[in-house]
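Now for the letters of each chain:
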Amino acid sequence: MVEIGVSLLNMKNENAIQTLYNLETAGIEYFHIDVMDGKFVTNNTVDQMLEYCEYLSSITNLPLDVHLMVEDVKTYIDSFLVFEPNIITFHLEAAQNKEEVLEWIKYIKENNVRVGISIKPTTKLEEIYEYLPLIHEVLIMTVEPGKGGQALIRETVSKIEILSNYVKEKKLEVDIEADGGIKVENASLLKKAGANIIVAGTAILDSENFKETVEKLKK
Ligand code: DX5
Ligand code: ZN
């Protein structure tokens, strides 16, 4: 069964608390926290995401799935550790070298948080293979990172398929998460390809009935 993370990027600020309650009762498994620093991507969502995490820490036990789209990874790991997230995912493209990737993996693990590495649509899968034995999850971007409400880039679906086959072949314990442009209409593509966690933002937030939409995404 696929797990659903809801991206809060496009959540309306008014009655945010009510929306968060409604999302939790809709049956999602994760709150997906899209942290953008205005450098790695042009948007800056840091303050907004810190505020949402403050709310969430007082109203829910659902796990936080923190997606760092930032250059200064270490600083933002520290900023979000306080919320005891289930997983912190950084972008491979933010690292200057292999040593930095290994340092971030080690630091996140030392703080008892699961580790994810994310790659942009144009980054080759081969670039993460060497880290797979060390991490818990790969976040395959199915849109260019930076904003919600974009259309899924179809070519990324085959990346998920190739990665899923590679993980099975090497008997690795790695979750595969797909993120960006996922709707009820295309979710089955990602599931068939091998994603076991899918993130949806606008597909859920803009829908009439959160519970119905989440159930359709899971089917
Ligand atoms: C994009 C973010 C995604 C995205 C999800 O940079 O990482 O989480 O906003 O939102 P939708 O589902 O609206 O594309
Ligand atoms: Zn995301």
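For the structure itself, consult the block above.
Each chain has its residues counted from 1, running along the sequence as written. Here the convention is simple: chains get letters from A, ligands get numbers from 1, in the order in which they are written. The predicted nature of this model means local features are confined to residues of pLDDT at least 70 and side-chain atom pairs, given and counted, to a pLDDT of 80 or more, with totals for whole chains, interfaces and linings taken over all residues. The side-chain values count all of the structure's non-hydrogen atoms but skip hydrogen atoms and water molecules.

### Details of the site of ligand 1
Contacts to ligand 1 come from 20 residues, most closely from Asp 34, Gly 146, Asp 179, Gly 201 and Thr 202. N or O atoms closer than or at 3.5 Å make up a polar contact, with two conditions inside protein: a donor-capable atom paired with an acceptor-capable one, and, for residues adjacent in sequence, both atoms drawn from side chains. Gly 146 places a polar main-chain atom, nitrogen or oxygen, 2.8 Å from an oxygen atom of ligand 1. Interatomic distance of 2.6 Å between a side-chain N/O atom of Asp 179 and an oxygen atom of ligand 1. Note on areas: Shrake-Rupley, 1.4 Å probe, and residue coverage restricted to the protein chains presented here. Considered on its own, ligand 1 offers 380 Å² of accessible surface; in the complex 100% of this is hidden by protein. Here the element with the most residues in the shell around ligand 1 is strand S2 (residues 30-36); it accounts for three residues. For each residue, the test is whether any non-hydrogen atom lies within 4 Å of the molecule or strand; if one does, the residue is near. What counts as a helix is a DSSP run of H or I of at least four residues, what counts as a strand is a run of E of at least two, and both are numbered from the N terminus.

### Comments concerning helix H2 (residues 46-59)
When the terminal C-alpha atoms of H2 are compared, their 20 Å separation across 14 residues agrees well with the 20 Å that a helix rising 1.5 Å per residue should span. Exposed residues in this analysis have more than 50% of their type's maximum accessible area, buried residues have under 20%, and partly exposed residues fall in between, with area computed by a 1.4 Å probe over protein chains only. Turning to H2, its buried residues number three or more, namely Val 46, Met 49, Tyr 52, Cys 53, Leu 56 and Ile 59. Burial along H2 is one-sided: seen end-on, the buried residues are contained in an arc of 155 degrees. The outward face of H2, more than 90 degrees from its buried face, is lined by the exposed residues Asp 47 and Ser 58. Contacts made by the buried residues of H2 are with helix H1 (16-25), S2, strand S3 (64-69) and helix H3 (73-81). Helix span, as expected, comes to 1.5 Å for every residue beyond the first. The directions from the helix axis to the C-beta atoms form the arc being described. By definition in these notes, contact holds between two residues if any of their heavy atoms fall within 4.5 Å.

### Overview of the coordination of the zinc ion (ligand 2)
Distances define the donors: N, O and S atoms within 2.8 Å of the metal qualify, as do those within 3.2 Å of Na, K or Ca. Water is excluded, so some sites may look unfinished. Donor atoms from the polypeptide that bind the zinc ion (ligand 2) are His 32 (NE2), Asp 34 (OD), His 67 (ND1) and Asp 179 (OD), placed at 2.1 to 2.3 Å. For a four-donor site, all angles between 85 and 135 degrees give tetrahedral; for four or six donors, opposite pairs above 155 degrees with the remaining angles between 65 and 115 give square planar or octahedral; all remaining cases count as irregular. Coordination at the zinc ion (ligand 2) is octahedral: its six donor atoms span angles of 72 to 177 degrees at the metal. If you list the donors of the zinc ion (ligand 2) from N- to C-terminus, the spacing comes out as H-x1-D-x32-H-x111-D. His 32 sits in the buried class, given a relative accessible area of 0%.

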